[in-house]
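If you want the building blocks of each chain, they are given just below.
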Amino acid sequence: MEGEKETMQNGQNTLENSQPTTLSKNAKKKLLKQQKWEAKKAEKKAQTKEQKQKEGERKRKEWEEKLSSCASEEERLKLIESRRELRKERMGKRAEEKEEKTQRLRKAKEFGLNIVIDLGFADLMTDSEIHSLVQQIIYCYAVNRRCASPGHLWLTGCSGEMENQLQRLSGFDRWIIEKESQSYIEALQDQKENLVYLTADSETVLDELDLKKIYIVGGLVDRNRWKGLTMKKANEQGIQTAKLPISSYLKMSSSQCRYSL
């Protein structure tokens, strides 16, 4: 009887543990919004892939028609050689542009504006938010790389799952960027007086950029769960803060930008 009672109790506990966690109305709304966004993103990606395939097929047919229209074998060979030369020239131009970008980034390492992305918030983010942050870091690096006068980027607190996801990126090891497992306060302790955390909660408006300063941006995708976090962190560490004059140039339709990625 006792054993039977224990079996029933264990069964009830198992049933209770298997029940899905009830989400709040707000959480359900956010989850649905996220699912719709991901579905739309996947659909757009599939459409782009299909368009590229169609464009590739169109160009292939055009090339085959052009070859078949040649009056002689000699004319056909000349056309093929001309295409090879054009491709070679295009590849050479791309290599030249790539080298120019690389040289600009190397120069920025010595003379450019230092911008730190603080990755010390990974434990506050979900896996999807970390993934979103990684995508934004890729975008930041790509845009900076294209700039005529790029800044010098730092990734501090680059460890754990954050580092794992970044290391999976193709070519990440070749990025011209500082990668520190330490926090910025440890890695740049000898320049603490020059550290400036950019946060919308600061009362100081940043009107001019100073090459002597090191500007920090919070690497935090949080859907506004952690308001005031970067300001609190900077105050506790005793470093300067500033906010960008965004409202002077842009009309914000929603809540004020918090400068976190």
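Look a little higher up for the structure.
The following paragraphs examine the structure supplied in this document.

Scoring rules and cut-offs
Residues numbered from 1 in each chain as written. Predicted model: local features only at pLDDT ≥ 70, side-chain atom pairs only at ≥ 80, totals over all residues. Heavy atoms only, no water. Helix = DSSP H or I, 4+ residues; strand = E, 2+ residues; numbered from the N terminus. Contact = heavy atoms within 4.5 Å. Axes fitted to C-alpha atoms, helices over the stretch in contact; angles between N-to-C directions. Parallel < 35°, antiparallel > 145°, perpendicular 65-115°, else oblique. Nonpolar A, V, L, I, M, F, W, Y, C, P; charged D, E, K, R; others polar. Core = buried A, V, L, I, M, F, W, Y, C linked by side-chain atoms within 4.5 Å. Buried < 20%, exposed > 50% of the residue type's maximum accessible area, 1.4 Å probe, protein only.

Next up on the list: the side chain of Asp118. Its place among the elements puts Asp118 in strand E1 (residues 114-118). Leaving out residues up to four positions away in the same chain, Asp118 has contacts with Thr156, Tyr184, Tyr197, Ile216, Val217, Gly218, Gly219 and Lys233.

Turning to the packing of helix H3 (residues 73-111) against helix H4 (residues 127-146), a few remarks are in order. It is at 9 Å that the axes of H3 and H4 come closest, and there the two elements cross at 100 degrees. As far as their axial angle goes, H4 and H3 are roughly perpendicular. Here H3 contributes Lys98, Lys101, Arg104 and Leu105 to the contact with H4, which in turn contributes Tyr141, Asn144, Arg145 and Arg146. Of the residues assigned to the contact of H3 with H4, the class counts are two nonpolar, one polar and five charged.

Once that is clear, we can look at the nonpolar core. In terms of nonpolar packing, the biggest core is built from 32 residues, with Leu119, Ile137, Leu155, Met162, Leu166 and Tyr184 touching the most fellow members. Mapped by element, the contributors of at least two residues to this core are E1, H4, strand E2 (152-156), helix H5 (160-167), strand E4 (195-198) and strand E5 (214-218). Here this core takes five residues from H4, the largest share from any one element. Residues Leu113, Val196, Tyr215 and Val217 belong to the second largest nonpolar core, which totals seven residues.

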